[in-house]
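Tertiary structure, described
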Amino acid sequence: VASTESEALVLENSFIKRHRPRYNIILRDDKHYPFLKLTTNEEFPRLVVARRDGLWALDTQTGAMSQLAAPPYDPQRQRYNDGKPDAAGRFWVGTLSDAREPDASLYRIGSQGAEPQIDGIVTANGLAWSPDGRVLYRSDTKAHTVWCHDFDVATGRVGAGRVFAQFTPRAADQPLDTYRGRPDGAAVDESGAYWVAMFEGARLLRYAPTGELLDD
């Protein structure tokens, strides 16, 4: 195990190659997996890793992994994609449909495992919360849309959603260099602005909480 000033943690085992807390990802053979710290042992923490075959706990001291919950979906058709903890520490993670059909979901991880909260998704992405925790943001990359929902931090309940930002899909014959992209990973800064990276668009957008585009 080796650590660096840049917050990278390198693990010599067959699963995890690099852990980057700043970017909320774990890298394995160029694959990205959402994670959440499971213990408060700062020297040798355990991490929750969301993989195609379920939720796993990773011991960063030994590299050993133990399954926490089986996948709530058919792993031949879906995989976990984007995840983050909310202000109360609950882990939320969405799935991606391999066939790009609207059969994926956004899950809240609880005592009973993965509990579906929003269905009808193709590619769950862009998960983030407002600084006060009262607004949940999410995107469906395939749908070219970002939604925001009222959110109850105390209960973890998600309210009705509304369109926050919408983008034009790429036409079948449209050159890639004229395509503006579709929403991918996202984060909210301390001012409450929502930042979203646009896949295949080479753009990073910043939105005010009102939905006004501030920077492109």
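Read on for a plain summary of the structure. Quantities reported herein were computed from a predicted structural model and do not represent experimental measurements.

**Thoughts on the overall build of the protein**
Across its full length, the protein carries 0 helices and 21 strands. Burial status across the protein gives 46% buried among its 216 residues. Surface exposure of the protein reaches about 11400 Å², of which carbon and sulfur atoms provide 48%.

**Description of the sheet that holds strand 13 (residues 113-121)**
Pairing between the strands of a sheet comes from backbone hydrogen bonds, and it takes one of two forms, parallel or antiparallel. If you walk across this open sheet you meet the 4 strands as 10-11-12-13, and the pairing is antiparallel. For this open sheet the edge positions go to strand 10 (78-85) and strand 13, each flanked by a neighbour on one side alone. Going from strand to strand, the sheet's axes swing by 25 degrees on average, the running direction of each strand aside. Of the pairings in the sheet, the one linking strand 11 (residues 91-97) to strand 12 (residues 104-110) comprises 4 bridges and is antiparallel in character. Its bridge partner being in strand 12, Gly94 is matched across the sheet by Leu106.

**Examining the pairing of strand 16 (residues 145-152)**
Within strand 16, 6 of the 8 residues are buried, which leaves it mostly tucked inside the rest of the structure. The pairing of strand 15 (residues 135-140) with strand 16 spans 6 bridges and is classified as antiparallel. When the sheet's bridge partners are listed, Ser139 is paired in strand 16 with Val146. Here strand 15 hands over to strand 16 after 4 residues, with His144 in that stretch at a positive phi of 55 degrees. Relative to strand 17 (residues 157-166), strand 16 is paired through 7 bridges, and the arrangement is antiparallel. Each bridged residue has a counterpart across the sheet, and for Thr145 the counterpart in strand 17 is Gln166.

**So, the packing of aromatic side chains**
Overall, the coordinates contain 9 aromatic pairs when judged by the stated rule. On the basis of an interplanar angle of 65 degrees and a centroid distance of 5.8 Å, the ring pair of Trp129 and Phe151 is categorised as edge-to-face. Of this pair, Trp129 sits in strand 14 (residues 124-129) while Phe151 sits in strand 16, and the two are 22 residues apart along the sequence. Classification of Trp129 by relative accessible area gives buried; the value is 12%. The exposure class assigned to Phe151 is buried, which follows from its relative accessible area of 6%. Where Tyr137 meets Phe164, the ring centres are 5.1 Å apart and the plane angle is 75 degrees; that geometry is what we call edge-to-face. Linking Tyr137 in strand 15 with Phe164 in strand 17, this pair joins segments that are 27 residues apart in sequence. Pair check on accessibility: Tyr137 and Phe164 agree, each one buried. Among the aromatic residues, those joined into a ring-pair cluster are Tyr137, Phe164, Tyr194 and Tyr207. Over the aromatic face of Trp56 sits the side chain of Arg51, whose NZ or CZ is 4.6 Å from the ring centroid. We note Arg138 situated over the ring of Trp147; from NZ or CZ to the ring centre the distance is 4.4 Å.

**Points about unusual backbone geometry**
The phi torsion at Arg100 lies on the positive side, around 55 degrees, for a residue other than glycine. Here Arg100 shows up in the loop between strand 11 and strand 12.

**Here we look at the side chain of Thr95**
Among the secondary structure elements, Thr95 is positioned in strand 11. Among the polar contacts made by the side chain of Thr95, one reaches the side chain of Gln78 at a distance of 3.0 Å. Within the structure, Thr95 has its side chain in polar contact with the backbone nitrogen of Ser105 (distance 2.9 Å). With near-sequence residues (within four places) excluded, Thr95 lies in contact with Tyr73, Gln78, Arg79, Tyr80, Asn81, Ala104, Ser105, Tyr107, Val122, Thr123 and Ala124.

**With respect to the sheet that holds strand 21 (residues 213-215)**
The strand order across the open sheet built from 4 strands is 18-19-20-21, with neighbouring strands paired in antiparallel fashion. Looking at which strands have only one partner, the edges of the open sheet turn out to be strand 18 (182-188) and strand 21. The average angle at which neighbouring strand axes cross in this sheet is 35 degrees, direction not considered. Sheet analysis places strand 19 (residues 194-199) next to strand 20 (residues 203-207), joined by 5 bridges and oriented antiparallel. Looking at strand 20, one finds that Ala197 is bridged to Leu204.

So, how was this worked out
- Residues numbered from 1 in each chain as written.
- Predicted model: local features only at pLDDT ≥ 70, side-chain atom pairs only at ≥ 80, totals over all residues.
- Heavy atoms only, no water.
- Helix = DSSP H or I, 4+ residues; strand = E, 2+ residues; numbered from the N terminus.
- Buried < 20%, exposed > 50% of the residue type's maximum accessible area, 1.4 Å probe, protein only.
- Areas by Shrake-Rupley, 256 points an atom, 1.4 Å probe, with all protein chains shown as cover.
- Pairing = 2+ DSSP bridges.
- Axes fitted to C-alpha atoms, helices over the stretch in contact; angles between N-to-C directions.
- Phe/Tyr/Trp six-rings, centres within 6.5 Å; stacked < 30°, edge-to-face > 60°.
- Lys NZ or Arg CZ within 6 Å of the ring centre and 35° of its normal.
- Polar contact = N/O pair within 3.5 Å; in protein donor to acceptor, adjacent residues only side chain to side chain.
- Contact = heavy atoms within 4.5 Å.

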